[in-house]
Amino acid sequence: GLARRARDAFEDAIAVAPAYLPAREARMQFALQAPSVLGGGMRRARAEAEEIARRDAHRGDVAHLAIARRAGDDAGAVRLLERIVAAFPDSARYR
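What this report covers is the structure whose coordinates are included nearby.

The rules behind these values
Residues numbered from 1 in each chain as written. Predicted model: local features only at pLDDT ≥ 70, side-chain atom pairs only at ≥ 80, totals over all residues. Heavy atoms only, no water. Helix = DSSP H or I, 4+ residues; strand = E, 2+ residues; numbered from the N terminus. Rg over C-alpha atoms; globule rule 2.2 N^0.38 Å. Buried < 20%, exposed > 50% of the residue type's maximum accessible area, 1.4 Å probe, protein only. Contact = heavy atoms within 4.5 Å. Lys, Arg positive; Asp, Glu negative; His and termini not counted. Charge placed at Lys NZ, Arg CZ, Asp CG, Glu CD. Core = buried A, V, L, I, M, F, W, Y, C linked by side-chain atoms within 4.5 Å. Phe/Tyr/Trp six-rings, centres within 6.5 Å; stacked < 30°, edge-to-face > 60°. Salt bridge = Lys/Arg side-chain N within 4 Å of Asp/Glu carboxyl O.

## Concerning the overall build of the protein
- Across its full length, the protein holds five helices and zero strands.
- Element order for the protein, N to C, with α for helix and β for strand: α-α-α-α-α.
- Relative to a compact globule of 95 residues, whose C-alpha radius of gyration would be 12 Å, the protein shows 14 Å and is just as compact.
- Its C-alpha atoms put the protein at 40 × 30 × 20 Å along the principal axes.
- Considering the protein as a whole, with its 95 residues, one finds that 34% of them fall into the buried category.
- The contacts of the protein with a sequence gap of at least 6 include a subset with a gap of at least 24, amounting to 40%.
- In the protein, which carries 17 positive and 13 negative side-chain charges, the distance between the mean positions of the two groups comes to 4 Å.

Written out as structure tokens, the structure is:
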């Protein structure tokens, strides 16, 4: 179905261009929303967020923020948001 095609498209994009972060971010969002039988799950989302963070600290923090919010970890989300704003004060995205 559509979910499998989307997952496969993310996988193909990452195979061609491993450093292309939008594909990694999309795969992480897919993992947050899809059931594990389709390749989703928090463990997979966290693994992808770690890979994003390894390549770009700011985008990695944003990925971890999305995971914290999805998990209902309000305190963790606030800590991450404060860290993002402190580390990247010129980022208009969080104002």
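After that view of the structure, there is still more to cover.
## So, the nonpolar core
- With eight residues, the main nonpolar core is built from Met-28, Ala-31, Leu-32, Ala-45, Ala-49, Ile-52, Ala-63 and Ile-67.
- When contributions to this core are tallied by element, the ones reaching two or more residues are helix H2 (21-33), helix H3 (42-55) and helix H4 (57-71).
- Excluding its chain neighbours within four sequence positions, the residues that come into contact with Ile-52 are Leu-21, Arg-24, Glu-25, Met-28, Arg-59, Gly-60 and Ala-63.
- With six residues, the next largest nonpolar core counts Leu-65, Ala-68, Leu-80 and Ile-84 among its residues.

## Observations regarding the environment of Ala-86
- Inspection of the secondary structure puts Ala-86 in helix H5 (residues 74-87).
- Each C-alpha atom, one on Ala-86 and one on Ala-47, is 24 Å from the other, the two residues being 39 residues apart in sequence.

## Considering the environment of Asp-73
- Its location among the elements puts Asp-73 in the loop between H4 and H5.
- Between the C-alpha atoms of Asp-73 and Arg-59, which are 14 residues apart in sequence, the distance is 19 Å.

## Notes on the packing of aromatic side chains
- In the structure shown here, the tally under the stated rule is one aromatic pair.
- On the numbers, 6.1 Å between centres and 70° between planes, the contact of Phe-10 with Phe-30 is edge-to-face. Of this pair, Phe-10 sits in helix H1 (residues 2-16) while Phe-30 sits in helix H2, placing them 20 residues apart in sequence.

## Comments concerning the side chain of Asp-61
- Along the polypeptide, Asp-61 turns up in helix H4.
- Residue Asp-61 is classed as buried on the basis of its relative accessible area of 10%.

## With respect to the pattern of salt bridges
- Applying the stated criterion across every chain, the model contains eight salt bridges.
- A salt bridge links Arg-59 to Glu-25; the nearest nitrogen and oxygen atoms lie 2.7 Å apart. A residue pair is termed long-range when its members are at least 10 positions apart, and Arg-59 in helix H4 and Glu-25 in helix H2 qualify at 34 residues.
- Overall, the relative accessible area of 29% leaves Arg-59 in the partly exposed class.
- We classify Glu-25 as partly exposed; its relative accessible area is 24%.
- A network of salt bridges, in which partner residues are shared, links Glu-11, Arg-24, Arg-27 and Glu-48.

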